[in-house]
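A look at the structure
Below are the chains, spelled out letter by letter.
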Amino acid sequence: MTIFDTHWTRNGAIALLLGTLLSPGCQQEMGKQPAYRPLEPSTFFPDGRSARPLLPGTVARGQVSPQSPLQTPWGSQRSDPTPVVTLVMQGFANPLGVLSVLPVVDRILAVGSYTAEFPFQVTEAILARGRERYDIYCVVCHDPTGNGDGIIVQRGYTHPPSYIFDHSRGFERRGISILLRDVPVGYFFEVITNGYGAMPDYRSQVPLRDRWAIVAYIRAIQLSQFARVQSLPRQERRRIENALEGSR
Amino acid sequence: MPQIFHRSFNTISKVSIASVVILLIGLTGATYVVGWSPYVTQEQIARVQPVPFSHQHHVGQLGIDCRYCHTSVETSAFAGMPPTKTCMNCHQEIWFGSSMLEPVRESYRKDQSIAWERIHNLPQFVYFNHSIHIHKGVGCVSCHGRVDQMPLTYQEHSLLMGWCLDCHRDPKKHLRPASAVFSMTWSASAEPSELGDRLMKENHIRGVEQLTSCSTCHR
């Protein structure tokens, strides 16, 4: 009686051996499926991106309407910029028409064309959200107090104006001298959306509602520097008084 | 019939049977050792990237929040990778002349994506979702380790099924308050010991049966 004279046993042993040897090497087809994973490179599209840019005019599902007050930094008297653009174009076509355009251009430049209202009720939760988002996206340059001494500025980035003590550089360039703490909220929204000068835009990183929440929080920073103890609710006043007493 | 085999073949056959058994056991063991080794799971191995981006520098030293770059980590399955524009927010001025950053500027000029080497890579039959872990209070550091100390990014854990299950069986000690999810240095030891129980209740963490059910991760 021998153990190796049946082919069955030998082949079985070899198959088992090979099977065990090979098993760690195989990641099944299920592990790598033809569907693209997010941002996976593609050989199909000429630019090599599987994540396709939106075609112009695409309306995304759940997209905020362009007419929504969430979308616009402008006040109600100029919610739609197209008539102004058309007027300006007419002005170029017809030199006399320029005269009729001038007052409008003036309005565009004026502080008052920016909305001074938030598109939604500002609550404590909104302020908390604004603070969180400000700490993520703005603090690195504007610093927690809004004075513009963030870490990136310390490493050599252009020094931004202080939200509290400085004039708006954007308005200054248009010949209007106004403190950033007096600028309407719509202007802040516009700077976040489109950037200004050395200030990068945050259009793609910060969604619409968060931009307004950040603006609300910046307003709170500005107000906090000039708040009077008397203006606080009684409870808060007591807290401060207690804290002061404690430190004495 | 004369004997074909010598007597000593009795011993030889026994030895060979035994050695086949031992060999099989050894091979199975080796399979696991190799299969779970960093060589296969790719843990602790830093990748060479088109730009030597350093989390140590940007997170550890500059203190930039994860969400500045990984913007979708709270809202979707995919954590999100920063487009070149995000780098240019700062590098349009900071180190603008540096040759190390030339691939970033070139990508920006030519509107071509930087091809980052993927580091974490679950097989596609596994469903993973960042947002639920973030919202239920699992910190980045629990799964990715001290990213703020990585000059080049690497994978801290094996990402094998057993690793996921270790936590899903008993997530309590891995939970942290919402404000600490993005912190690399927060530690539970400074907190009251009932914090875990409280977070389990507040965050409505489901039972072990559901979290270890196959269809939670294989769907």
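All of these numbers come straight from a predicted model, not from anything done at the bench. (Residues numbered from 1 in each chain as written. Chains lettered and ligands numbered in written order. Predicted model: local features only at pLDDT ≥ 70, side-chain atom pairs only at ≥ 80, totals over all residues. Heavy atoms only, no water.)

**Side note on the overall build of chain B**
Condition: Runs of E in the DSSP output that reach at least two residues are strands. Runs of H or I that reach at least four are helices, and both are numbered from the N terminus. Our radius of gyration looks at C-alpha atoms and nothing else; its globule reference is 2.2 Å times the residue count to the power 0.38. Classification of residues uses two cut-offs on accessible area relative to the type maximum, computed with a 1.4 Å probe and protein chains only: under 20% is buried, over 50% is exposed, and between them is partly exposed. The accessible surface values rely on the Shrake-Rupley method and a 1.4 Å probe; as for residues, cover is taken only from the protein chains in view. Note on charges: Lys and Arg go in the positive column, Asp and Glu in the negative column, and His and the chain ends are not counted at all. Taken as the charge centre is NZ of Lys, CZ of Arg, CG of Asp or CD of Glu, depending on the residue.
Regarding its fold elements, chain B presents 12 helices and 0 strands. Each helix and strand of chain B, placed in order from N terminus to C terminus, yields the pattern α-α-α-α-α-α-α-α-α-α-α-α. At 25 Å, chain B has a C-alpha radius of gyration far larger than the 17 Å of a compact globule built from 219 residues. Seen through its C-alpha atoms, chain B measures out along the principal axes to roughly 95 × 50 × 35 Å. In chain B, which comprises 219 residues, the proportion classed as buried is 34%. Of the roughly 13,500 Å² of accessible surface on chain B, a fraction of 62% belongs to carbon and sulfur atoms. Chain B carries 19 positive and 17 negative side-chain charges, and their two centres are separated by 8 Å.

**Considerations on the overall build of chain A**
Defined as follows: A contact between two residues is defined here by any heavy atoms of the two lying within 4.5 Å.
A tally of helices and strands in chain A yields 10 helices and 0 strands. Mapped from its N terminus to its C terminus, chain A presents α and β elements in the order α-α-α-α-α-α-α-α-α-α. Looking at chain A as a whole, 32% of its 248 residues are labelled buried. Looking at chain A alone, contacts between residues at least 24 apart form 50% of all its contacts between residues at least 6 apart. Per element, the accessible surface of chain A, about 16,300 Å² overall, is 61% carbon and sulfur.

**Observations concerning the nonpolar core**
The following threshold applies: Residues belong to a common nonpolar core when they are buried Ala, Val, Leu, Ile, Met, Phe, Trp, Tyr or Cys residues joined through side-chain atoms within 4.5 Å.
Ranked by internal contacts, the top residues of the largest apolar core, which has 42 residues, are Tyr134(A) and Ile152(A). Elements with a minimum of two residues in this core: helix 4 (124-137), helix 5 (139-142), helix 6 (151-154), helix 8 (185-194) and helix 9 (208-224) of chain A. For this core, the element with the most residues is helix 9 of chain A, which contributes 8 residues. In this view, Tyr134(A) contacts Val139(A), His142(A), Asp143(A), Pro144(A), Gly146(A), Tyr163(A), Ile214(A), Tyr217(A), Ile218(A) and Ile221(A); residues no more than four positions away in its chain are not counted. Counting residues in each nonpolar core, the second largest holds 10 residues, with Ile134(B), Cys140(B), Met150(B) and Met184(B) among its members.

**A look at the interface of chain B and chain A**
The following threshold applies: Put simply, buried area is how much 1.4 Å-probe accessible surface two parts lose in total, over both of them, once they are put together. Definition used for salt bridges: Asp or Glu carboxyl oxygen within 4 Å of a side-chain nitrogen of Lys or Arg. Counting of polar contacts relies on pairs of N or O atoms within 3.5 Å, with two restrictions inside protein: one atom must be capable of donating a hydrogen and the other of accepting it, and residues adjacent in sequence are counted only when both atoms are side-chain atoms.
Contacts between chain B and chain A engage 35 residues on the former and 34 residues on the latter. Summed over both sides, the interface between chain B and chain A buries roughly 3,200 Å², with carbon and sulfur atoms accounting for 59% of that surface. Its largest share of buried area at the contact with chain A, chain B owes to Tyr68(B), Glu93(B) and Gln124(B), together 21% of the area lost on that side. Put simply, chain B and chain A have 4 salt bridges between them. Residues Arg67(B) and Glu132(A) are paired through a salt bridge, measuring 3.9 Å at the closest nitrogen-oxygen approach. Viewed at the interface, chain A and chain B are joined by 16 residue pairs in polar contact (both at pLDDT 80 or more).

**Description of the domain arrangement of chain B**
Residue and element names in this part refer to chain B. Put simply, the test is: Start and end positions for the domains come from either an automated domain assignment or a database one.
When the domains of chain B are assigned, the result is domain 1 (55-81 + 119-217) and domain 2 (82-115). Centre-to-centre separation of domain 1 and domain 2, based on C-alpha positions: 29 Å. Counting residues at the interface gives 6 residues for domain 1 and 5 residues for domain 2. When domain 1 packs against domain 2, the two sides together hide about 420 Å² of surface, and 62% of this comes from carbon and sulfur. Per-residue buried area on domain 1 facing domain 2 is highest for Tyr-68, Cys-69 and Met-81; these three make up 78% of the total on that side. For the pair domain 1 and domain 2, the number of links is 0 salt bridges. Connecting domain 1 to domain 2 are 1 residue pair in polar contact (both at pLDDT 80 or more).

**Points about the pattern of salt bridges**
Residue and element names in this part refer to chain A. Counting across every chain of the model gives 19 salt bridges over all chains. Note that Glu-40 is salt-bridged to Lys-32, the shortest N-O span being 3.5 Å. When its relative accessible area of 21% is taken as the criterion, Glu-40 is described as partly exposed. Take Lys-32: its relative accessible area is 52%, and that puts it in the exposed class.

**What to know about the state of the cysteines**
Inclusion rule: By convention in this document, the label disulfide applies to cysteine sulfur atom pairs within 2.5 Å.
In this structure the tally under the stated criterion is 0 disulfides over all chains. No disulfide involves Cys141(A); its nearest neighbouring cysteine sulfur is the one of Cys90(B), lying 5.5 Å away. In this structure Cys141(A) comes out as buried when scored by relative accessible area, which is 15%. As a non-bridged cysteine, Cys143(B) has Cys167(B) as the owner of its nearest cysteine sulfur, 6.8 Å distant. Judged by its relative accessible area of 21%, Cys143(B) falls in the partly exposed class.

**Thoughts on helix 9 of chain A**
Heads up, the condition is: Under the convention used throughout, the expected extent of a helix is 1.5 Å for every residue step, that is, one less than its residue count.
Between the first and last C-alpha of helix 9 of chain A there are 25 Å, a value that for 17 residues agrees with the 24 Å anticipated at 1.5 Å per step. Burial of helix 9 of chain A is extensive: 13 of the 17 residues sit out of reach of the surface.

**Considerations on the confidence of the model for chain A**
Low-pLDDT stretches of the model should not have their predicted coordinates read in fine detail. Rule in force here: Every residue carries a pLDDT, the predictor's confidence in it, which falls somewhere between 0 and 100.
Scored by pLDDT, chain A comes out at a mean of 83, with 80% of its residues at no less than 70. Low pLDDT, under 50, characterises residues 78-87 of chain A; the predicted model gives this stretch 8 contacts beyond four residues in sequence or across chains.

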